[in-house]
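Understanding the architecture of this molecule
As a plain string of letters, each chain reads:
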Amino acid sequence: MEKFEKPILVTRPFMPTYEAFCEGLKEIWDNQWLTNNGPVLQRYRSELKNYLETNNIGLFANGTLALQIGLQGLCIRGEVITTPFTFVATTHALYWNQIRPVFCDIEPDTFNLDPAKIEELITPWTTAILAVHVFGRPCKLNALADIARRHNLTLIYDAAHAFGVRVNEKSICHYGDLSMFSFHATKLYHSIEGGMLVFKDPGLQNIFSYLKNFGFKNETEVVMPGTNAKMNELQALMGSMMLNYMDMLIEKKKRIYEIYQERLCDVVGISFSPDPERNVDYNYAYVPALINEHEFGMSRNELHEKLKEYNIFSRRYFYPLLNDLSCYQSVAVSKPLTVAKKVSEQIITLPTYADLSEDDVHKICDILSKIRTH
Ligand SMILES: *Cc1c(COP(=O)(O)O)cnc(C)c1O
């Protein structure tokens, strides 16, 4: 089996044509307005409101700042129950707000926070649950809402992976008290860099606007110590143009996902999560697979290296677990994180992006099968 001539990366941003983007830039040049709630951003915001069917959204420079501001605006304090199987920014955002993360184990099939293991971690200091829709697969929304309601906790979702996901025919942004979406270039949908909060309480709108713009209420009044987390006009232009490609992107990623699944389901030692439930319109943003070392005859780490020989760059996402990072080793873990540990040692995400051809996906599958047999 030949290696790929050019490196196949785990993801690649989709972009509108150069000509179309330049056409859009003309308006920004004419306006001579680059940031601070400009006209392109305002238009983009209303497009998103239509797309998501909610008025309660805020746009930010990136997802991490959006989450930091979300936690700050909701006045979350004390302890927050969260997952160790996520991108570092989820827990970083808690630390930037002086909140203590309490790591809870995950479900083996969805890789999301396990509702059955949350309640034993609740203490008098617990104020919120920060769950992540890992790989865009919805958390157990009802179970989490139920726990949050019974214990009077705020329910926050890191939905960085979940743009475009719908549950019961409405956007996943409608669940929980607040959801953060990332529009980073590596995500399914992007605005170069960017972030969004969607929230239940319309009263938060002004607070988030102040917090992302130094606390300015108007020209002379500064009402809180805000930061600078504004989305600029070029980001808004990209986001707006990319919105037109959402259906196409999901369609393409779905096809890629299906090929991987069909071709690899019989390869011993590689397994996929069960399909999302029937009430979910999934976005197929990632192709996560678990490698069982014993059955596959090679560890996930060895496979990750082996694939590089074929010019295929998979990703161990998420590995290591956050509580194993030197940065968070001092965080006390009171209950075992057995499932999370196992998943982080077995997980590999395979290349998927709109411009990845079906032939190339088949070739990646051929290579994986061949590696398994040898
Ligand atoms: C990408 C990501 C973030 C951070 O978003 P940025 O826009 O890159 O700041 C946070 N959480 C998760 C789960 C992510 O994947």
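Described in the following lines is the structure provided in the data block. (Residues numbered from 1 in each chain as written. Predicted model: local features only at pLDDT ≥ 70, side-chain atom pairs only at ≥ 80, totals over all residues. Heavy atoms only, no water.)

Quick word on the pattern of salt bridges
By the definition in use, this model includes 16 salt bridges. Asp 105 serves as the salt-bridge partner of Lys 117, at 3.3 Å between the closest nitrogen and oxygen. One end of the pair, Lys 117, is in the loop between strand S3 (100-103) and strand S4 (126-132); the other, Asp 105, is in the loop between S3 and S4, and 12 residues separate them in sequence. Here Lys 254 and Glu 258 are joined by a salt bridge, their closest N and O atoms 3.9 Å apart. Residue Lys 254 and its partner Glu 258 are located together in helix H8 (residues 246-264), separated by four residues, close to a single helical turn. (Salt bridge = Lys/Arg side-chain N within 4 Å of Asp/Glu carboxyl O. Helix = DSSP H or I, 4+ residues; strand = E, 2+ residues; numbered from the N terminus.)

Some thoughts on the nonpolar core
One finds Leu 48, Phe 85, Phe 163, Phe 183, Met 196 and Tyr 260 to be the most contacted residues of the largest nonpolar core, which totals 105 residues. Among the elements that make up this core, the one with the highest residue count is H8 (eight residues). Counting only domains with at least three residues in this core, you end up with domain 1 (18-243) and domain 2 (246-373). Leaving out residues up to four positions away in the same chain, Tyr 260 has contacts with Cys 265, Phe 272, Val 287, Leu 350, Pro 351, Leu 356, Val 361, Ile 364 and Cys 365. Core analysis: the second largest hydrophobic core is formed by 24 residues, Leu 67, Leu 130, Leu 178 and Leu 197 among them. (Core = buried A, V, L, I, M, F, W, Y, C linked by side-chain atoms within 4.5 Å. Buried < 20%, exposed > 50% of the residue type's maximum accessible area, 1.4 Å probe, protein only. Domains from an automatic or database assignment. Contact = heavy atoms within 4.5 Å.)

Concerning the site of the ligand
As a matter of local geometry, the ligand sits amid 16 residues, with Gly 63, Thr 64, Asp 158, Ser 182 and Lys 187 nearest to it. For the ligand, an oxygen atom lies 2.5 Å from a polar atom in the side chain of Thr 64. For the ligand, a nitrogen atom lies 2.7 Å from a polar atom in the side chain of Asp 158. Calculation on the ligand without its partners gives an accessible area of 380 Å², and the protein chains cover 94% of this total. Among the detected pockets, the ligand sits in the largest pocket. For the shell around the ligand, the elements supplying multiple residues, two or more each, are helix H3 (63-73), helix H4 (88-95) and strand S8 (178-182). Its residues assigned to classes, the shell around the ligand comprises five nonpolar, nine polar and two charged. (Near = heavy atom within 4 Å. Polar contact = N/O pair within 3.5 Å; in protein donor to acceptor, adjacent residues only side chain to side chain. Areas by Shrake-Rupley, 256 points an atom, 1.4 Å probe, with all protein chains shown as cover. 1 Å grid on protein atoms, 1.4 Å probe; cavity = no way out; pocket = protein on both sides within 12 Å on 5 of 7 lines; lining within 4 Å. Sits in = over half its atoms within 2 Å of the grid points. Nonpolar A, V, L, I, M, F, W, Y, C, P; charged D, E, K, R; others polar.)

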